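# Structure assessment
Here is what each chain is made of, one letter per residue.
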Amino acid sequence: MTTTLRPAGPEERRDDGGRARTYEVCVNSRPVGRISLATDARLGLSAGRIADLHIDERDRHRGRGTVAALAAEEVLRGWGCRRITVDVPAGSEPALRLAAALGYTEHSRRMLKELTSPPGLPAGSTDRPLGAAEYPAWLAAAHRHHVDAQVANGMPRERAEHSSAQDHRTLLPDGPATAHQSLRVLAHDGTDVGTVWTTTYDPARPGGYVMDVQVAPEHRGRGHGRTLMLIAERETLTAGRTVLGLNVFVDNPRARGLYETLGYRPTDYSLHKLLL
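Throughout what follows, the structure given in this document is the object of discussion. (Residues numbered from 1 in each chain as written. Predicted model: local features only at pLDDT ≥ 70, side-chain atom pairs only at ≥ 80, totals over all residues. Heavy atoms only, no water.)

Take the overall build of the protein next. For the protein, the count of helices and strands is six helices and 13 strands. Dimensions along the principal axes, computed over C-alpha positions, put the protein at roughly 70 × 35 × 30 Å. Per-residue burial over the protein gives 45% buried out of 276 residues. Within the protein, counting contacts between residues at least 6 apart in sequence, those at least 24 apart form 64% of the total. As displayed, the protein offers around 14100 Å² of accessible surface, 53% of which is attributable to carbon and sulfur atoms. (Helix = DSSP H or I, 4+ residues; strand = E, 2+ residues; numbered from the N terminus. Buried < 20%, exposed > 50% of the residue type's maximum accessible area, 1.4 Å probe, protein only. Contact = heavy atoms within 4.5 Å. Areas by Shrake-Rupley, 256 points an atom, 1.4 Å probe, with all protein chains shown as cover.)

Right, dumping it as structure tokens:
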């Protein structure tokens, strides 16, 4: 039996050159599922992604998904992609096993925690709102951190610069006074040691979301990252939200370990593979 991909509709083209198309997964011309492919809107035209892969129940466990994913790689190579990404729910063990067998590795993971009561801060720690006069310096540092993290994880620097600037303009149009955005400064024994930015409402996400958390280099390793996360939890609960999410890159095991000890659990894994 031969498994192939057959276009299920016309190819979509975006103004920036992006492409997307859905295919039927067929066995001897019989449809057994669907797969949707696209260039990655954030990583650029050289990165493709499997947006969705579904094999009909009666045709599962026969290698259809494996062949479809390999065929998708050929399609994306033809589009000029040199990298492929896919998001897999944490509870989807078959999909995670398939991705691992095909050579995908973890790029980042999204994590979530259900919140109950506002936590207290450790002795000697206090926090306050980020002031308007402090905002420009904070924004410049947040922008640099975001760009460096994206570049380290495969995004071209020019695209990372543009994406970060656009995201900050969109999410913080009024700076620290922007509605549903919490920018807090942590001080310990009277010295500022770090900041945390929490979005407390986003219709695209449940609950709050940690956008940026930074501890000054000279104050790291003293538990201030944990305290900043407690502030984010408190801010989220104060806004009436009961869950808090975040994203952590695979090359930051210290942060991932901190989130795990605080009770955050993975909800989705972002996986990637180089197309050679």
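Turning our eyes to something else, we now look at the layout of surface pockets. As a volume, the second largest pocket reaches approximately 730 Å³. Lining the second largest pocket are 28 residues, and of these Leu53, Gly65, Pro94, Ala95 and Leu98 sit closest to its centre. Those elements that provide at least two residues to the lining of the second largest pocket are strand 5 (44-55), helix 1 (64-78), strand 6 (83-89) and helix 2 (93-101). No other element matches strand 5, which puts seven residues into the lining of the second largest pocket. Grouping the constituent residues of the lining of the second largest pocket by class yields 14 nonpolar, six polar and eight charged. (1 Å grid on protein atoms, 1.4 Å probe; cavity = no way out; pocket = protein on both sides within 12 Å on 5 of 7 lines; lining within 4 Å. Points joined across faces, edges and corners; volume = space filled by probe spheres on them. Nonpolar A, V, L, I, M, F, W, Y, C, P; charged D, E, K, R; others polar.)

The terminal C-alpha atoms of helix 1 lie 21 Å apart, and with 15 residues this matches the ideal 21 Å at 1.5 Å per residue to within 8%. Among the residues of helix 1, those classed as buried are Arg64, Gly65, Ala68, Ala69, Ala72, Glu73, Val75 and Leu76. Among the residues trailing helix 1, glycine 80 stands out with phi positive, at a value near 90°. (Expected span 1.5 Å × (residues − 1).)

Another aspect to go through is the packing of aromatic side chains. Under the counting rule described, the total for this entry stands at three aromatic pairs. Pairwise contacts between aromatic rings join Tyr135, Trp138 and Trp197 into one cluster. (Phe/Tyr/Trp six-rings, centres within 6.5 Å; stacked < 30°, edge-to-face > 60°.)

Strand 10 (residues 191-199) sits mainly inside the fold: seven of its nine residues count as buried. Pairing analysis gives eight bridges linking strand 9 (residues 181-188) to strand 10, with the strands arranged antiparallel. Looking at strand 10, one finds that alanine 187 is bridged to aspartate 192. In textbook terms, the turn of a hairpin is the stretch between consecutive antiparallel strands, and for strand 9 and strand 10 this stretch comprises two residues, one of which, aspartate 189, has a positive phi near 50°. The sheet contact formed by strand 10 and strand 11 (residues 208-215) spans six bridges and is antiparallel. The residue bridging threonine 195 from the neighbouring strand is glutamine 214, located in strand 11. (Pairing = 2+ DSSP bridges.)

Along the chain, threonine 261 falls in helix 6 (residues 253-261). Residue classification places threonine 261 among the exposed residues on the basis of a relative accessible area of 54%. A C-alpha to C-alpha distance of 9.5 Å links threonine 261 and arginine 226, two positions 35 residues apart in sequence. Here arginine 226 takes part through its side chain, which lies 2.8 Å from a polar atom of the side chain of threonine 261. (Polar contact = N/O pair within 3.5 Å; in protein donor to acceptor, adjacent residues only side chain to side chain.)

Our next topic: the pattern of salt bridges. Under the definition given, this model contains 27 salt bridges. When the shortest N-O distance is used, the salt bridge between arginine 234 and glutamate 235 registers 2.9 Å. Arginine 234 sits in the buried class, given a relative accessible area of 17%. Residue classification places glutamate 235 among the buried residues on the basis of a relative accessible area of 17%. Via salt bridges that share partners, Arg30, Arg58, Asp59, Arg62 and Arg64 belong to a single interconnected network. (Salt bridge = Lys/Arg side-chain N within 4 Å of Asp/Glu carboxyl O.)

With that settled, consider the packing of helix 3 (residues 135-152) against helix 4 (residues 157-171). Helix packing geometry: the angle between the two helix axes and the distance between the axes. As a packed pair, helix 3 and helix 4 sit with axes 9 Å apart at the nearest point and diverge in direction by 140°. On the basis of the axis angle, helix 3 is oblique to helix 4. Classified by chirality, the crossing of helix 4 by helix 3 is right-handed. Contacts between helix 3 and helix 4 involve Leu139, Ala142, His143, His146, Val147, Asp148, Gln150 and Val151 on the former and, on the latter, Arg157, Ala160, Glu161, Ser164, Ala165, Asp167 and His168. For the contact of helix 3 with helix 4, a count of residues per class yields six nonpolar, five polar and four charged. (Axes fitted to C-alpha atoms, helices over the stretch in contact; angles between N-to-C directions. Parallel < 35°, antiparallel > 145°, perpendicular 65-115°, else oblique. Left-handed = near helix turned anticlockwise from the far one by under 90°.)

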